[in-house]
Structure formats: structure tokens, C-alpha cells
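Residue-level listing of the chains:
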Amino acid sequence: MTSKNTAQTRTRLLLALWDLGGTQQEVKKGQLTKRIVSKSQKVADYQGSFEELQNQGAIAISKNGYSLTSTKGLEMLGEGLRSGEFKFEGRTVGTWAANALLRWISQIDVAVTGADVPVNGKSALAELSKGIASYDEFKSVALEVYDKLNQNYNLDDLVPIYRIRREIGARVSREDFNEWLLEMQANDIFQMMAGEIPDFNSDKRDDSITIPGVGLRSYAKRLN
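Remember, it's a predicted structure, so these values are computed and weren't measured experimentally.

Each value, and the rule that gives it
Residues numbered from 1 in each chain as written. Predicted model: local features only at pLDDT ≥ 70, side-chain atom pairs only at ≥ 80, totals over all residues. Heavy atoms only, no water. Helix = DSSP H or I, 4+ residues; strand = E, 2+ residues; numbered from the N terminus. Buried < 20%, exposed > 50% of the residue type's maximum accessible area, 1.4 Å probe, protein only. Contact = heavy atoms within 4.5 Å. Areas by Shrake-Rupley, 256 points an atom, 1.4 Å probe, with all protein chains shown as cover. Pairing = 2+ DSSP bridges. Axes fitted to C-alpha atoms, helices over the stretch in contact; angles between N-to-C directions. Parallel < 35°, antiparallel > 145°, perpendicular 65-115°, else oblique. Left-handed = near helix turned anticlockwise from the far one by under 90°. Nonpolar A, V, L, I, M, F, W, Y, C, P; charged D, E, K, R; others polar. Expected span 1.5 Å × (residues − 1). Arc of directions from axis to C-beta. Polar contact = N/O pair within 3.5 Å; in protein donor to acceptor, adjacent residues only side chain to side chain. Core = buried A, V, L, I, M, F, W, Y, C linked by side-chain atoms within 4.5 Å.

1. Notes on the overall build of the protein chain
Okay, so step 1: On a plain count of helices and strands, the protein chain comes out with 10 helices and 10 strands.
Okay, so step 2: By residue count, 42% of the 224 residues in the protein chain fall in the buried class.
Okay, so step 3: For the protein chain, contacts bridging at least 24 residues in sequence account for 65% of all contacts bridging at least 6.
Okay, so step 4: When the accessible surface of the protein chain is summed, it comes to about 12,000 Å², and 46% of that surface belongs to carbon and sulfur atoms.

Set out below in C-alpha cells:
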């Protein structure tokens, strides 16, 4: 075990893996370590934490990446975030971490107060880990999210794609999100549009969408 193998390190690791969609798909090792390993650290500093989480059944590790087990991993993440010992080190908190925490609170506000509290007959954690399995289901959810964001934030019918992606969260893989959003454009439901976004950092750019041969698109506009 290294000095980095602490409870809050493991919680931060789980949060990053959840935010990257680890309940629905395997997250590449480089993608995860890019988020959690700072310039003054080494990947090896986290080896003990990875091994302990694997031994406890919270994550699965393969040759190429990591995945978050739906029940155990989410339970440990929720317990870690509720712990009075959890905190971020240093003077600043990464944008990804702040956004992930906001999304966690908005999506499983019931789960963070009790993992076994039923929601419409199902546990909150079960609802969180339920994936979107088809284009039709994605279309329904995406339109609902679009309308919610457009109304709540008065976005004048131009909703940032990164907000839609983050609102839907780990219920859909990044690949399916991209494919199905473009299919909605092909079906004249959404139009993907370029444009400047305030504070457009690398995280927001990554969570937007790039159309092959066309370029980066930042906004979605509903056509009907």
C-alpha cells in the first residue's frame, strides 16, 4: 500500500470512474489516470487503491481499462462522498470533479441519503445504473433533457451539447450518445450547431461532439 491509498483517494477514483461512464462501459486506463494523477504524482502511487477497490468488488480491472460494478461500486462511492473525512487536496478543485459532484447530487439525491431507499419500487442505485438501451429510448430522454435545460436556463433554443451529455450521464456510453445524437440530426429532430460557449475549457469541448468532415459542434437546436 502506498501513502496515496487513502479512503478519500479511493472515493475520488470512484467518482472519476463513474463520471467517465464506468458503469456502462470500460474506461481506458489513460483516460482515468489523466483525471486523477496530478503532475507531482505517478500512476504507481494509486496502485494500492486500485487493488483494494478490486478486492472489495467495487471495480473490475482488465488489461486495457477499468469498469465500475453497478451496486458495490456505487454504494462505496456514495458512502465515501457522505463521509465527513472526504475532501479535495490542494487549493483548487478540478472542473471535472466539481461537475461530477453536481451531477451526482442531481441524479441520485435519494441514493446519497440511503442506498436502499426505494424509488418507484426500485432502489435509487438501481435506477442510476439503468442504462439506455435503444435509440428510441435515448431520443425520448434527450428531448426531455433538452426541454428541461432550455426552460430552466432560458437558453433561447440553443442548448450546449455538453450539458445534455452530462445530464444524461452514465446511463449511455459516449459512443452511443454521439451516434444517437447524430441520428436525431439525420431525422431532423436536432440540428448540431457551432458557436462560442462561455468558459469553453477542454472538458466542455470533450463533452461536445465532433462530426467527421464537418468539425466541432457545441449546441443542439430542436427543429420540431
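2. Some points on the environment of Thr 11
Okay, so step 1: In this fold, Thr 11 is placed in helix α1 (residues 7-19).
Okay, so step 2: Once the C-alpha coordinates of Thr 11 and Leu 77 are considered, the two residues, 66 residues apart in sequence, prove to be 5.7 Å apart.

3. Overview of the pairing of strand β10 (residues 219-222)
Okay, so step 1: Of the strand pairs in this sheet, strand β6 (residues 159-160) and β10 are connected by two bridges, and their pairing is antiparallel. In the strand pairing of β10, Pro 160 is matched with Tyr 219.
Okay, so step 2: As paired elements, strand β7 (residues 190-193) and β10 share four bridges and run antiparallel to each other. Residue Met 192 lies in a different strand from β10, and its bridge partner there is Ala 220.

4. Quick look at the packing of α1 against helix α2 (residues 29-36)
Okay, so step 1: Where α1 contacts α2, the axes come no closer than 10 Å and their chain directions differ by 130 degrees. Judged on the interaxial angle alone, α2 and α1 are oblique. In the crossing of α1 with α2, the sense of the turn from one axis to the other is right-handed. Contacts between α1 and α2 involve Arg 12, Leu 13, Ala 16, Leu 17 and Asp 19 from the first element and Leu 32, Arg 35 and Ile 36 from the second.
Okay, so step 2: Here the residues of the contact of α1 with α2 sort into five nonpolar, no polar and three charged.

5. Comments concerning helix α9 (residues 174-186)
Since the α-helix packs 3.6 residues into each turn, any two residues three or four apart lie on the same face.
Okay, so step 1: In a regular helix each residue adds 1.5 Å, so 13 residues correspond to 18 Å; α9 covers 18 Å between its end C-alpha atoms and thus fits that length.
Okay, so step 2: Those residues of α9 not exposed but buried are Phe 177, Trp 180, Leu 181 and Met 184. With its buried residues spanning 105 degrees around the axis, α9 presents them on a single face. Residues of α9 that are exposed and point over 90 degrees away from its buried face: Glu 175 and Ala 186.
Okay, so step 3: In the segment just after α9, Asp 188 is the residue with positive phi, at about 60 degrees.

6. Re the side chain of Asp 207
Okay, so step 1: With respect to the helices, strands and loops of the structure, Asp 207 is situated in the loop between α10 (202-206) and β8 (209-211).
Okay, so step 2: Polar side-chain contacts of Asp 207 include one of 2.8 Å to the side chain of Arg 166.
Okay, so step 3: When sequence neighbours within four positions are dropped, the list of residues in contact with Asp 207 reads Ile 161, Tyr 162, Arg 165, Arg 166 and Arg 174.

7. Comments concerning the sheet that holds strand β1 (residues 27-28)
Okay, so step 1: The sheet built from three strands is open, its strands ordered β1-β3-β2 with antiparallel pairing. On the outer flanks of this sheet lie β1 and β2 (59-61), each paired with one strand and no other.
Okay, so step 2: The pairing of β1 with strand β3 (residues 65-68) spans two bridges and is antiparallel. Looking at the pairing, Val 27 lines up with Tyr 66 of β3.

8. Some details on the nonpolar core
Okay, so step 1: With 27 residues, the main nonpolar core has Leu 14, Trp 18, Leu 32, Ile 36, Phe 50 and Ile 59 as its most contacted residues.
Okay, so step 2: Mapped onto this core, the elements with two or more residues apiece are α1, α2, α3 (47-55), β3, α4 (70-82) and α5 (95-107).
Okay, so step 3: Here this core takes six residues from α1, the largest share from any one element.
Okay, so step 4: With sequence-adjacent residues up to four places away left out, Ile 59 is seen in contact with Leu 14, Leu 17, Phe 50, Leu 53, Gln 54, Ser 67, Leu 68 and Thr 69.
Okay, so step 5: If you look at the next biggest cluster of nonpolar residues, it comprises 24 residues, including Val 141, Leu 181, Ile 189 and Phe 190.

9. Some details on the sheet that holds β10
Okay, so step 1: The three strands lie next to each other as β6-β10-β7, forming an open sheet whose pairing is antiparallel. Sheet topology places β6 and β7 at the edges, where each strand pairs with a single neighbour.

10. A closer look at unusual backbone geometry
Okay, so step 1: The phi torsion at Asp 188 lies on the positive side, around 60 degrees, for a residue other than glycine.
Okay, so step 2: Residue Asp 188 is classed as exposed on the basis of its relative accessible area of 51%.

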